[in-house]
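# Structural description and commentary
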Amino acid sequence: MLAYIIRRLVYGVVTLVALSLVVFLLIQASGGGPLDRLKLNPRAQNLIAQLTEQWGLDKPVMQQYFTWLKNFVTPADVPAADGLIVLFGKIGLRGLTPIVLVLSAGAYTVWAFLVKIGQAWWRPVRAFSLVFVWLIALWLAKSRLVFSLTWGESFRGDGPVWDNIFGAAGATFRLGLAALVMALIIGIPLGIYQAIRQYSFFDQVGTTLSFVAFSTPIFIIAVGFQLLLALYLEKWTGVKLFFVTGMSDSSYGDLGFMAQMGDIVRHLTLPAMSIALISIAGYARFQRASMLEVMHSDYLRTAKAKGLPRRRVILKHALRNALIPIVTLVSLDVAGIIGGAIITESIFGWPGVGRLYIQAINAVDYPTIMAVVMSIGIGIVMMNIVADILYGVLDPRVRYD
Amino acid sequence: MRAVDGVSFDMMAGERRGVVGESGSGKSVTAMSIMRLIEPPAGEIVTGTIEFQGQNLLALPEDDMQDVRGGRIAMIFQDPMTSLNPVYTVGDQLIETIMLHQHVSKHDARRIAADALGDVQIPEPMARLDDYPHQFSGGMRQRVMIAMGLSCNPDLLIADEPTTALDVTTQAQIMDLMLKLAEDRGTAVMLITHDLGVVAGFCDTIQVMYAGGIVEYGNATDLFGNPQHPYTWGLLGSMTRLDESHTERLHSVRGAPPSLINPPLGCRFNPRCDFVQDICHDSYPALRESGRESQIAACHLATELDLNTIDVTGVVGS
Amino acid sequence: MTRLWHSRPVVFGALILAFALVAAACGDSTDTADDSTTTAAPTTEAPTTTAAPTTAAPTTTEAPGKPYGGEAIVANDQEPATLNTFAPGGDNSIVSIIGQSYFSGVQEIDGFTLELIPEMVTELPTVANGGVTVNADDTMTVRYEIVDEAMWSDGEPITGEDFQFTLDIILNPDLPIFRATYEDIVDSSFTEKTFEYTLSAPTTQYELLFGNIIPKHAVEGTDFIGDWNDKMWPSAGPFILDTWQKGEFVKVVRNDNYWRNDPETGQQLPYLDSVVFRFIPETESIINAFRAREIDVIQPPPSTDTIETLQALEPEGAVVEVLSGPVWEHLNFQFGVNRLTRNPDSPNTSLNYRKAVAHAVDKTTIVDEILAGQVEPLDSFVDVFAPTLSQASWAQYNYDPETAKSYVEAAKADLGVDTIKTVFSTTSNNDARVKLSELFVDMFTEAGIDYTNSLEDSQIFFGETLDFGNWDLGEWAWSSSPGFSSLVGLFDLFDPELAPPDGQNYYRWGTPEVTGQETEGFNQAASDLIDENTTRFAEIRDQLNSSVDNDVLIPLIAEAETILADQVVIIPLYARLVTAAVWGDEIGGFKHNPTQAGETWNMEMWYRVDM
């Protein structure tokens with residue numbers, strides 16, 4: 001297992017290096033440079049010369065690439081004390097979220113290991129604990145306690161890329177997680193119900209709606225939600241439920257805990273739904289097919305012949321088998337969710353990585369563009385490995401060597 | 001389409017009944033109907049009665065039927081490789097059944113499950129409870145299925161082609177095991193198979209099915225010794241006998257089973273029958289007494305033909 | 001997302017010109033400024049500046065006073081990279097829009113008169129008021145009198161030493177800061193409330209200087225570029241930076257030590273407790289958020305659809321201002337040799353051809369199609385902010401296909417060719433320009449010109465095409481500001497002595513050969529068009545840049561404009577609209593400023609109507 005993970009990691013690194021080179025060359029080939037915006041400014045000549053020199057923009061492309069790579073992997077020179085300040089300095093809900101998340105995940109993991117060790121039931125929990133371990137690593141990285149990189153300085157003039165990305169990652173994580181949870185808790189039961197009631201009216205309607213949702217551009221979905229669920233809903237009912245844009249109220253810090261929660265939900269719902277809708281449609285369709293296949297399997301007939309109630313046959317014997325293919329879909333869909341976030345964040349003014357990315361593209365800010373691409377790449381590589389491990393946990397037939 | 005039509009039979013407690021026929025003859029559907037496992041949209045039971053220990057199973061509420069399934073009537077299936085849920089341990093699946101029907105604690109259920117595995121001669125049963133199905137061989141898996149079927153001491157065990165997917169040696173072991181267990185416990189067994197050889201050593205009585213109906217029924221000795229229906233006769237002819245030399249070619253039933261959507265008029269076997277007469281095209285033959293006691297056959301000519309005297313080789317290929 | 005470029009290159013040039021002058025030496029303008037109420041500051045200073053500036057203030061105000069308290073929310077499509085307007089990235093317009101809250105300096109642009117008015121100084125120095133003196137050695141000295149009450153938000157007075165410190169920061173060679181014009185300062189001195197500096201030669205550009213002052217006591221000894229990105233030094237404006245929630249909003253709160261009063265009511269400013277700047281990249285979302293009243297003030301890109309959507313909200317209480325803005329679009333010709341890579345048959349050197357184009361283009365149709373006829377087409381770029389100085393020189397080229405045809409024939413004769421071929425280039429990711437290119441097809445064809453479109457992405461167009469000069473007929477926009485320094489700056493764009501990369505004469509009109517530049521693109525042969533006009537223009541431009549005397553400047557500007565029009569070096573098309581909307585039933589005191597000063601220029605005057 002360990003050997004397998006290490007091997008996958010090595011492949012992952014090779015993939016990422018190749019990805020970085022391709023993307024870097026693509027950016028170079030697409031024309032325009034970070035200083036172009038200064039060109040039409042008659043008084044910027046001294047600045048252009050100064051920054052060209054500083055960023056090495058006059059060097060050959062490959063040399064620029066290696067400079068970037070070097071900056072990307074060079075640790076930042078930050079004293080440990082700074083890390084501690086990040087760790088303990090910011091306590092508010094925003095600051096607490098990762099702490100609570102990590103602590104509870106840790107406690108959960110330990111508990112699962114100690115109390116239920118060896119029980120098949122708990123294996124998925126343990127596998128998810130791997131995800132939490134990854135989160136802890138991310139968070140430690142963010143806090144600069146363990147290691148620290150800068151990923152270079154932004155060409156936009158807003159400091160180390162690392163700080164910007166991790167500053168924005170929380171918002172994207174919140175949005176993505178909400179969308180994923182929404183997609184899972186709606187999409188999967190929907191698909192299951194459709195499979196159980198195959199060819200019913202509900203099933204037909206569901207299939208049609210899935211298809212429509214699947215083929216509607218996310219931009220239209222997002223703006224549609226803004227208009228329908230924020231603007232017109234308020235007009236018609238006089239009640240403002242959701243916000244058109246933003247992640248929090250400007251007075252967020254002064255609110256009580258429940259008010260803060262309410263504020264989060266009222267801002268989060270629409271963008272998360274916009275991203276989730278396509279995933280819901282996808283998951284429902286996939287889950288329906290997967291479930292139907294399982295429903296016709298021999299072991300389900302066995303379960304029925306044993307006299308198990310229908311509910312138990314479906315929830316226990318069918319569901320877990322039908323979920324196995326979904327795991328792969330979901331882990332690959334993480335990339336789709338991030339992709340959806342890029343557009344959705346811009347529409348909803350959500351302060352996440354997607355926005356940062358668009359800003360960076362507009363400013364031809366290579367270090368940030370590259371870092372966003374690379375962190376998504378790293379995320380996908382990690383998620384693939386996690387998916388493989390999860391797969392093995394859900395399906396005891398899969399073993400790694 | 002009527003997969004099974006007009007099938008009517010009785011079974012005694014402790015009886016071992018063989019149900020024989022080609023694929024599509026309605027054997028499995030009959031068994032599934034007894035378990036009431038036929039569900040829309042795959043199919044439904046249109047009419048009839050299935051009486052078990054004085055209860056009409058078809059009239060039973062679903063909740064009560066669940067007690068019958070796995071508790072009083074157990075069923076094991078053809079393909080042991082796919083009939084166990086791959087994502088749960090064998091123990092999990094056994095314990096689940098035991099707890100469901102015997103209302104015992106999980107701890108007790110585990111012990112009973114281990115005993116059941118021991119009964120089907122799986123070594124180290126307690127340890128193997130925690131193994132997953134893929135960690136067992138095909139024969140072992142079928143033993144697990146049998147253990148699962150018998151773990152709640154059912155009155156009737158329906159075994160649907162339990163050995164078809166196994167190699168010959170394993171087949172024999174499994175059948176011996178089933179025979180022993182059924183005898184020990186007095187469990188009635190309904191053995192569904194297309195293999196008359198399997199039936200021969202195991203069953204007290206045999207019913208032959210063809211195209212959704214019973215064509216012949218009798219006790220094993222009589223039916224083997226003196227088949228009354230040309231189809232039974234054909235099946236017997238296609239059987240390999242170890243005690244005969246293979247100097248003569250085997251004969252088989254020619255042609256293919258009829259479509260049940262559009263069955264032939266009259267006797268459904270008539271397109272394939274070597275003894276077909278006009279009457280066979282006119283009317284469907286009811287089961288009727290043959291010359292022997294307890295042996296009945298659905299053939300217009302049952303009492304007229306003496307199939308044992310016909311030169312088998314002469315019929316081949318005609 | 002696609003909209004960044006429409007503003008970027010222009011806003012850029014613009015920002016620098018942002019604090020451009022109204023006429024140092026222009027007596028008329030100065031008089032107007034004096035007449036206006038804004039100079040009344042000294043009379044109202046006494047009563048309230050010394051009063052305790054807390055919430056006690058509202059209760060003591062008289063009935064006709066405006067209410068204190070409340071918040072305004074302003075939406076913008078961009079987020080600053082840094083809040084430090086001096087740092088790289090601090091040149092983005094959003095930095096100055098937010099910076100209106102806490103930055104202050106010598107001058108600002110009045111949103112009503114569109115003239116330059118003093119902010120931190122008692123009056124703007126001019127030759128007339130003695131603030132500007134041309135010395136015997138042909139240097140020029142500028143003197144500022146700092147308002148007595150002016151102080152930082154931490155209570156420290158704003159002094160001449162702060163001005164000196166600001167100059168030192170800008171001239172520090174280790175810092176990546178725009179230094180143009182400041183580099184020509186040869187001497188400076190200060191007292192408690194005055195600051196004086198000497199420029200090496202007379203120039204109108206002095207009006208651009210010291211738009212923001214840095215507090216010495218807070219900034220000295222810090223890392224100027226590193227430390228002031230997401231926090232800000234003590235404010236000299238009406239508000240103080242409170243929070244910057246990255247990616248979401250910047251919140252500023254009232255500066256209780258702000259020294260200015262409302263000239264009408266005498267109340268201490270500002271009225272609002274806080275202003276929030278929200279960053280929403282999508283225009284569609286900005287409008288939706290405004291409609292949902294999540295946002296109080298917006299300044300969206302003024303497409304016809306947007307304007308209609310906003311105007312439909314007026315019955316509900318929205319106030320929509322649609323104004324002619326500082327950014328003007330122009331059609332232009334490339335005279336460098338690289339134009340031949342785009343069009344081997346480029347006829348640009350023929351004056352008859354250029355006149356043909358000027359007559360072939362129907363500006364009225366263009367304005368109708370692109371701006372829904374909301375503004376008049378431009379007859380001169382001088383019109384944008386200095387209509388009194390304009391000669392309207394391009395009015396001679398009325399839309400007339402027949403005249404255009406005859407010029408085309410003359411051009412054929414000039415060049416000895418059978419057909420005149422034109423290849424038009426502009427940015428493909430700007431809807432208005434794409435529309436323009438579509439309109440051109442018919443207009444040019446009607447004039448008998450063989451016309452082709454060759455549009456490209458703005459990053460290529462502004463990144464490479466301009467550097468290489470490899471377009472034939474081109475179109476983009478420049479930005480103006482009120483006043484002489486802006487005009488002079490605009491004429492610099494055509495200076496035959498300033499070929500890229502040292503200058504901005506991308507047109508290569510009369511430019512000499514350029515060699516030895518690091519970037520290959522700039523290496524180019526001398527312009528294909530060098531004549532007595534380009535020589536004369538170079539002379540005019542030199543004189544414009546060495547004088548602050550109106551009597552000298554005005555005739556020179558007129559002559560320069562006439563040369564550009566007669567020679568058809570460019571063809572001004574139209575000035576872009578700017579628009580702003582505010583919920584008038586919530587926020588009072590709002591007035592949009594169509595210059596680069598933006599919608600927040602008088603945010604200290606905003607107040608909640610509903611309080």
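The structure contained in this document is the topic of the report that follows. (Residues numbered from 1 in each chain as written. Chains lettered and ligands numbered in written order. Predicted model: local features only at pLDDT ≥ 70, side-chain atom pairs only at ≥ 80, totals over all residues. Heavy atoms only, no water.)

### Here's the deal with the overall build of chain B
Operational definition: Only runs of H or I of at least four residues qualify as helices and only runs of E of at least two qualify as strands under DSSP, and these elements are numbered from the N terminus. By the convention used here, residues are in contact when the closest approach between their heavy atoms is within 4.5 Å. Accessible surface area values rest on a Shrake-Rupley calculation with a 1.4 Å probe, where residue burial reflects the displayed protein chains alone.
Helix and strand content of chain B: 13 helices and 10 strands. Look at the contacts in chain B between residues 6 or more apart in sequence, and 63% of them connect residues 24 or more apart. If you sum the accessible surface of chain B, you get close to 14500 Å²; carbon and sulfur atoms cover 50% of it.

### Notes on the interface of chain C and chain A
Condition: The term buried area refers to how much accessible surface (probe radius 1.4 Å) is lost by two components on association, counted for both of them together. Counted as salt bridges are all cases of a side-chain nitrogen of Lys or Arg within 4 Å of a carboxyl oxygen of Asp or Glu. What qualifies as a polar contact is a pair of N or O atoms within 3.5 Å, subject to a donor-acceptor requirement within protein and to the restriction that residues adjacent in sequence count only when both atoms come from side chains. All amino acids are sorted into three groups, where Ala, Val, Leu, Ile, Met, Phe, Trp, Tyr, Cys and Pro are nonpolar, Asp, Glu, Lys and Arg are charged, and the leftover types, Gly among them, are polar.
Across the boundary between the two partners, chain C contributes 63 residues, which contact 51 residues of chain A. Surface buried jointly by chain C and chain A totals about 4700 Å² across both partners, of which 51% is contributed by carbon and sulfur atoms. Summed over the shared surface of chain C and chain A, the number is 2 salt bridges. Across the pair R355(A) and E79(C) runs a salt bridge, and its minimum N-O distance is 3.9 Å. Counting across the chain C and chain A interface gives 15 residue pairs in polar contact (both at pLDDT 80 or more). Sorting the residues of the side of chain C that touches chain A by element identifies α1 (4-16), β9 (249-254), β10 (274-279), α9 (283-291), α16 (458-468) and β15 (473-479) of chain C as the ones contributing at least two each. Looking at the side of chain C that touches chain A residue by residue, the classes come out as 31 nonpolar, 13 polar and 19 charged.

### Focus on the pattern of salt bridges
Residue and element names in this part refer to chain C. The condition that has to hold: For every residue, the accessible area (1.4 Å probe, protein chains only) is compared with the maximum for its type, and the residue is labelled buried under 20%, exposed over 50%, or partly exposed between those bounds.
Evaluation of the coordinates by the stated rule reveals 54 salt bridges over all chains. Linking E329 and R433 is a salt bridge whose minimum nitrogen-to-oxygen distance equals 3.2 Å. Taken together, the positions of E329 in strand β12 (residues 318-333) and R433 in helix α15 (residues 431-446) put the pair 104 residues apart, joining distant regions of the chain. The exposure class of E329 is buried, given its relative accessible area of 2%. Residue class for R433 comes out buried when judged on its relative accessible area of 3%. Linking R608 and E586 is a salt bridge whose minimum nitrogen-to-oxygen distance equals 3.1 Å. Linking R608 in strand β18 (residues 607-608) with E586 in the loop between β16 (570-583) and β17 (587-588), this pair joins segments that are 22 residues apart in sequence. Comparing R608 with E586 shows no difference in burial state: the two are buried.

### So, the interface of chain A and chain B
Each partner contributes to the interface: chain A provides 23 residues, whereas chain B provides 27 residues. At the junction of chain A and chain B, the tally comes to 4 salt bridges. One salt bridge in this structure joins E96(B) and R312(A), with 3.6 Å as the shortest N-O distance. Applying the counting criterion to the chain A and chain B interface returns 12 residue pairs in polar contact (both at pLDDT 80 or more). Counting residues per element, the ones that place at least two in the side of chain A that touches chain B are α12 (298-305) and α13 (310-348) of chain A. Top contributing element to the side of chain A that touches chain B by residue count: α13(A), with 7 residues.

### Observations concerning the sheet that holds strand β4 (residues 73-76) of chain B
Residues and elements named next belong to chain B. Put simply, the rule reads: Strands pair, by our definition, only if DSSP identifies at least two bridges between them.
Across the sheet, 8 strands lie side by side as β4-β5-β6-β1-β7-β8-β10-β9; this open sheet has mixed pairing. In this open sheet, the two strands that pair with only one neighbour each are β4 and β9 (288-289). With 2 bridges connecting them, β9 and strand β10 (residues 296-297) associate as antiparallel partners. Bridge pairing in β10 links E289 to I296.

### Describing the sheet that holds β12(C)
All names here are of chain C. In spatial order, the strands read β8-β9-β10-β1-β11-β16-β12-β15-β13-β14; together these 10 strands make up an open sheet with mixed pairing. Strand pairing shows two members of the sheet lacking a second neighbour, β8 (239-245) and β14 (450-453), which therefore form its edges. Pairing geometry for β8 and β9, over 6 bridges, is antiparallel. Within the sheet, the bridge partner assigned to F239 lies in β9 and is R254.

### A look at unusual backbone geometry
For the bond from L269(C) to P270(C), the omega torsion is -5 degrees, close enough to zero to count as cis. Structurally, P270(C) can be placed in the loop between β9 and β10. You will see that N153(B), though not glycine, has its phi angle at about 50 degrees, which is positive. Examined against the element boundaries, N153(B) turns out to sit in the loop between α7 (138-150) and β5 (156-160). With a phi angle near 55 degrees, A372(C) is a residue other than glycine that sits in the positive phi range. Turning to its location among the elements, A372(C) is positioned in the loop between α13 (363-371) and α14 (401-415). By relative accessible area, which is 41% here, A372(C) ends up partly exposed.

### Observations concerning the pairing of strand β6 (residues 185-190) of chain C
Of the strand pairs in this sheet, β6(C) and strand β7 (residues 194-199) of chain C are connected by 5 bridges, and their pairing is antiparallel. Residue S189(C) lies in a different strand from β7(C), and its bridge partner there is E196(C).

### Considerations on the packing of aromatic side chains
Residues and elements named next belong to chain C. Here is the rule we go by: Each pair of aromatic rings taken from Phe, Tyr and Trp, with Trp reduced to its six-membered ring, is defined by centres within 6.5 Å and is described as stacked if the planes are under 30 degrees apart, edge-to-face if over 60, and tilted in the remaining cases. Two conditions define a charge sitting above a ring: the NZ of Lys or the CZ of Arg must be within 6 Å of the ring centre, and it must be within 35 degrees of the ring normal.
Scanning all chains against the criterion turns up 55 aromatic pairs over all chains. Pairing W509 with F537 gives two aromatic rings, centres 5.3 Å apart and planes at 75 degrees, and the pair type is edge-to-face. Taken together, the positions of W509 in the loop between α17 (484-492) and α18 (532-544) and F537 in helix α18 put the pair 28 residues apart, joining distant regions of the chain. Across this residue pair, the class does not change: W509 and F537 are buried. Each ring, one from F590 and one from W606, has its centre 5.5 Å from the other, and the planes form 50 degrees; the classification is tilted. Placement of F590 in the loop between β17 and β18 and of W606 in the loop between β17 and β18 is noted, with a sequence separation of 16 residues between them. Above the face of the W228 ring, K231 is positioned so that its terminal group lies 5.2 Å from the ring centre. The positively charged end of R293 is found above the aromatic ring belonging to W583, 3.7 Å away from the centroid.

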